[in-house]
Structure formats: C-alpha cells, structure tokens
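Chains, contacts and geometry: an overview
Below, each chain spelled out in residue letters.
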Amino acid sequence: MVPLRSLALILVWIGIAAAGECEVCVKVMDDVRATLAKEHLNKKPEIEAALGAYCARDTLNSKEKKICYYIDPIKRDVAQPFSLGMSSLKVCERINKSNPEICTVKNPVKTEKMEVKDISKLRVKQLKQILADRGVECKGCVEKEEFVKRVKETEHLANDEF
C-alpha cells in the first residue's frame, strides 16, 4: 500500500512541476476553454475561432501575445487535441513537440517585494534568468552574492514591458 501512495505523490509532484514548464501556454489554453460554450468544446472550427478571437484581444500581455504568435499558424493542430477534451497541459506538451519554443515562454519572477534574504534563496540559474529578462548583463559576476546584488540594483527595470 505504501508504494502506491508514494507513487501517487510522485505523479502529483511531476504534474505540478510540468505545469510550471508551459505556464503561459496552459493559461492561454485555459482562457480559451473558458470562452467556449460547453457544446462547442468538441468542435474544431469553433475552437479555432475562439483561439483567433482570444489572440485578437488588446488586453493580452507580451507573453500571451508571444504564445498567440506561435499558435496562430498551427491553430488546426491545437484544435485537434483540444476537441478531444485533452487537458491544457497535455495540449501544450503536444504542440511543444512541433514548436519547442512554446514551453520556453514563462512569466517573469516577481522580485519587487522580495527582501535580499528571499532573493538569496533563489538559484543562480534563476537569478541569471531574472537579469536576462531585464536585459541586464552581469559581467564579472562569479559568486551568487554578486548576482543577488545585481538583481537588487536593477529592480527598477522589473516592471518594464518590452
């Protein structure tokens, strides 16, 4: 009985970790699914139209627009698994096979309300990603503390949308 319980916990953990992989794509798919009426969830033309209508909105942020840019040419390929009732994560994983850039679009890490001790808990890879999202290089940075310092110095760039 214990092995089954631990296996279930591992599968749940993998599912949570995988959701972070394609977070923006999953959000877009969930938003599109929410706009569709229940009777249209399995009709490909309606799904394609809903994708087009969602991507035509003016209220999308830059990450959602980027996902729309990737999805627009392959709407039909997205509508097929979508119409079969596949989860948003599975749809994103499937279309990621044809365009590996889809799951690389991620929401930026919020640091404006983090203290130095919280930022220092992040991994160097995450700190480098924060700096890259801000368009800042950390030349000569070797130690983690140098990256933390640079992230705090460039905090004013965190809210800039490119």
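In what follows, the accompanying structure is described. (Residues numbered from 1 in each chain as written. Predicted model: local features only at pLDDT ≥ 70, side-chain atom pairs only at ≥ 80, totals over all residues. Heavy atoms only, no water.)

1. Notes on the packing of aromatic side chains
Each aromatic ring pair is specified by the distance between its two centres and by the angle formed by the two planes. Test applied: Stacked, tilted and edge-to-face are the three classes applied to pairs of Phe, Tyr and Trp rings, where Trp contributes its six-membered ring and a pair requires centres within 6.5 Å; stacked means planes under 30 degrees apart, edge-to-face means over 60, and tilted covers the rest. The criterion is that NZ of a Lys, or CZ of an Arg, lies within 6 Å of the ring centre and within 35 degrees of the ring normal, and then a charge sits over that ring.
This model, assessed by the stated rule, comprises one aromatic pair. Note that Arg33 overlies the ring of Phe82, its terminal NZ or CZ placed 4.3 Å from the centroid.

2. Some points on the pattern of salt bridges
Test applied: Whenever Lys or Arg places a side-chain nitrogen within 4 Å of a carboxyl oxygen from Asp or Glu, that contact is recorded as a salt bridge. Secondary structure elements follow DSSP: runs of H or I of four or more residues count as helices, runs of E of two or more count as strands, with numbering from the N terminus.
Overall, the coordinates contain seven salt bridges when judged by the stated rule. Where Lys90 meets Glu93, a salt bridge forms, and the shortest distance between an N and an O atom there is 3.9 Å. Placement of the pair is Lys90 and Glu93 together in helix 6 (residues 88-98), with a separation of three residues, close to one helical turn. Salt bridges linked by common partners bring Lys27, Asp31 and Glu64 together as one network.

3. Topic: helix 3 (residues 44-55)
As a reminder, the rule being used: The span one expects for a helix is its residue count, reduced by one, times 1.5 Å. Buried means the residue's accessible area, taken with a 1.4 Å probe over protein chains only, is under 20% of the maximum for its type, while exposed means over 50%, and partly exposed covers the values in between. Each C-beta atom gives one direction from the helix axis, and the arc is the one those directions make. Pairs of residues are marked as contacts when any of their non-hydrogen atoms sit within 4.5 Å.
For helix 3, spanning twelve residues, the distance from its first C-alpha to its last is 16 Å, which sits close to the expected 16 Å at 1.5 Å a residue. Along helix 3, the residues that are buried comprise Ile47, Glu48, Ala50, Leu51 and Tyr54. Angularly, the buried residues of helix 3 cover 160° about the axis, an arc narrow enough to put them on a single face. Against helix 2 (23-35), helix 4 (62-71) and helix 5 (75-83) lie the buried residues of helix 3.

4. Quick look at the environment of Lys43
Tracing the sequence through the fold places Lys43 in the loop between helix 2 and helix 3. Since its relative accessible area comes to 37%, Lys43 is described here as partly exposed. Along the backbone, Lys43 and Gln80 are 37 residues apart, and their C-alpha atoms lie at a distance of 8.9 Å.

5. Looking at the nonpolar core
Using the following cut-off: Grouping buried Ala, Val, Leu, Ile, Met, Phe, Trp, Tyr and Cys residues that are joined through side-chain atoms within 4.5 Å yields what is termed a nonpolar core.
Among the nonpolar cores identified, the biggest contains 28 residues, and Cys25, Met29, Ile67, Val78 and Ile95 are the most heavily contacted of them. For this core, the secondary-structure elements that each account for two or more residues are helix 2, helix 3, helix 4, helix 5 and helix 6. At six residues, the largest contribution of residues to this core is made by helix 2. The residues contacting Met29, other than those within four sequence positions of it, are Leu51, Ile71, Val78, Phe82, Ser88, Val91, Cys92 and Ile95. Of all hydrophobic cores here, the second largest spans eleven residues; its members include Ile119, Leu131, Val136 and Cys141.

6. Description of the side chain of Ser88
In plain terms, the rule: In the analysis that follows, any N or O atom pair within 3.5 Å is treated as a polar contact, provided that within protein one partner can donate a hydrogen and the other can accept it, and provided that, for residues neighboring in sequence, both atoms belong to side chains.
Secondary-structure assignment places Ser88 in helix 6. Here the side chain of Ser88 touches Asp30 through a polar contact of 2.5 Å, side chain to side chain. In this view, Ser88 contacts Val26, Met29, Asp30 and Arg33; residues no more than four positions away in its chain are not counted.

7. Some words on the packing of helix 8 (residues 124-133) against helix 9 (residues 144-153)
Between two packed helices, both the angle of their axes relative to each other and the distance between the axes serve to describe the pair. Counted only if it meets this: Only the stretch in contact is used when a helix axis is fitted, and all axes are lines through C-alpha atoms; the angle between N-to-C directions ranges over 0 to 180 degrees. Roughly parallel refers to an angle under 35 degrees, roughly antiparallel to one over 145, roughly perpendicular to one between 65 and 115, and oblique to any angle outside these ranges. Definitions for this section: a left-handed crossing has its near helix turned counterclockwise from the far helix by less than a right angle. A right-handed crossing has that turn clockwise.
One can describe the packing of helix 8 onto helix 9 by two numbers: an axis separation of 10 Å at closest approach and a directional angle of 30°. With respect to each other, helix 8 and helix 9 are oriented roughly parallel. Considering only the axes of helix 8 and helix 9, their crossing is left-handed. Counted together, Val124, Leu127, Lys128, Ile130 and Leu131 of helix 8 and Lys144, Phe147, Val148, Arg150 and Val151 of helix 9 form the full contact between these two elements.

The values are spatial; any link to function lies outside them.
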